[in-house]
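# Structural overview for review
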Amino acid sequence: MEPIDYSRGRNSTNSKTAFKKVNETIPKMWERVLNEVDGKRSTIEIANELRVQIHVISGRFSELKAKHKIYQTSSKKIGSKHYAIYSKTIN
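## Re helix α2 (residues 26-36)
Looking only at α2, the buried set comprises Ile26, Met29, Trp30, Val33 and Glu36. On an axial view of α2, the arc spanned by its buried residues comes to 135 degrees, and they lie on one face. Counted as exposed and oriented over 90 degrees from the buried face of α2: Lys28, Glu31 and Asn35.

## Things to note about the pairing of strand β2 (residues 81-88)
Pairing of strand β1 (residues 70-78) with β2 involves eight bridges; the strand directions are antiparallel. Within β2, the position partnered with Ile70 by the bridge is Lys88. Connecting β1 to the next strand, β2, in antiparallel fashion are two residues, including Gly79 with a positive phi near 65 degrees.

## Considering the packing of aromatic side chains
Evaluated as defined, the whole model comprises one aromatic pair. Ring centres 5.4 Å apart and planes at 15 degrees place the aromatic pair Phe61 and Tyr86 in the stacked group. Of this pair, Phe61 sits in helix α4 (residues 54-66) while Tyr86 sits in strand β2; the two residues are 25 residues apart in sequence, bridging distant segments of the chain. Overall, Tyr86 belongs to the buried group, its relative accessible area being 10%.

## Observations regarding the nonpolar core
Membership of the largest hydrophobic core comes to 16 residues, with the highest contact counts inside it found for Val33, Val37, Leu50, Ile57 and Phe61. With four residues, α2 is the single largest residue contributor to this core.

## Examining the environment of Ala47
As for its placement among the helices and strands, Ala47 is situated in helix α3 (residues 43-50). Residue Ala47 is classed as buried on the basis of its relative accessible area, which comes to 0%. On a C-alpha basis, the gap between Ala47 and Ser58 in space is 8.7 Å, while along the polypeptide they are 11 residues apart. Once you skip the residues sitting within four places of it in the chain, Ala47 turns out to touch Val52, Gln53, Ile54 and Ile57.

## Digging into the environment of Leu64
Here Leu64 lies in helix α4. Relative accessible area serves as the criterion here: at 3%, Leu64 is assigned to the buried category. Taking the C-alpha atoms as reference, Leu64 lies 8.9 Å from Val33; in sequence the two are 31 residues apart. With residues up to four places along the chain from it excluded, the contact list for Leu64 reads Trp30, Val33, Leu34, Lys69 and Ile70.

Basis of the calculations
- Residues numbered from 1 in each chain as written.
- Predicted model: local features only at pLDDT ≥ 70, side-chain atom pairs only at ≥ 80, totals over all residues.
- Heavy atoms only, no water.
- Buried < 20%, exposed > 50% of the residue type's maximum accessible area, 1.4 Å probe, protein only.
- Helix = DSSP H or I, 4+ residues; strand = E, 2+ residues; numbered from the N terminus.
- Arc of directions from axis to C-beta.
- Pairing = 2+ DSSP bridges.
- Phe/Tyr/Trp six-rings, centres within 6.5 Å; stacked < 30°, edge-to-face > 60°.
- Core = buried A, V, L, I, M, F, W, Y, C linked by side-chain atoms within 4.5 Å.
- Contact = heavy atoms within 4.5 Å.

Below you can see the structure in the form of structure tokens.
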């Protein structure tokens, strides 16, 4: 299945160029993120575990959710921000 560009500016030249660059790494990151989803840790905690910034993998959560691989079970407040907690869907 081909990755889908969910960004708001997906029709701009910059977005298309950037998407082509990351298109090859997206399926690998889906797998890495999915392996970390456990229904207990928040998105920021998973990002820290993977040693990436949250903005690097936030789109992977959205894509996995759109593919019905994960669903949001709750959220966790860390500092002044709330972060989603996801669980895997049962296949």
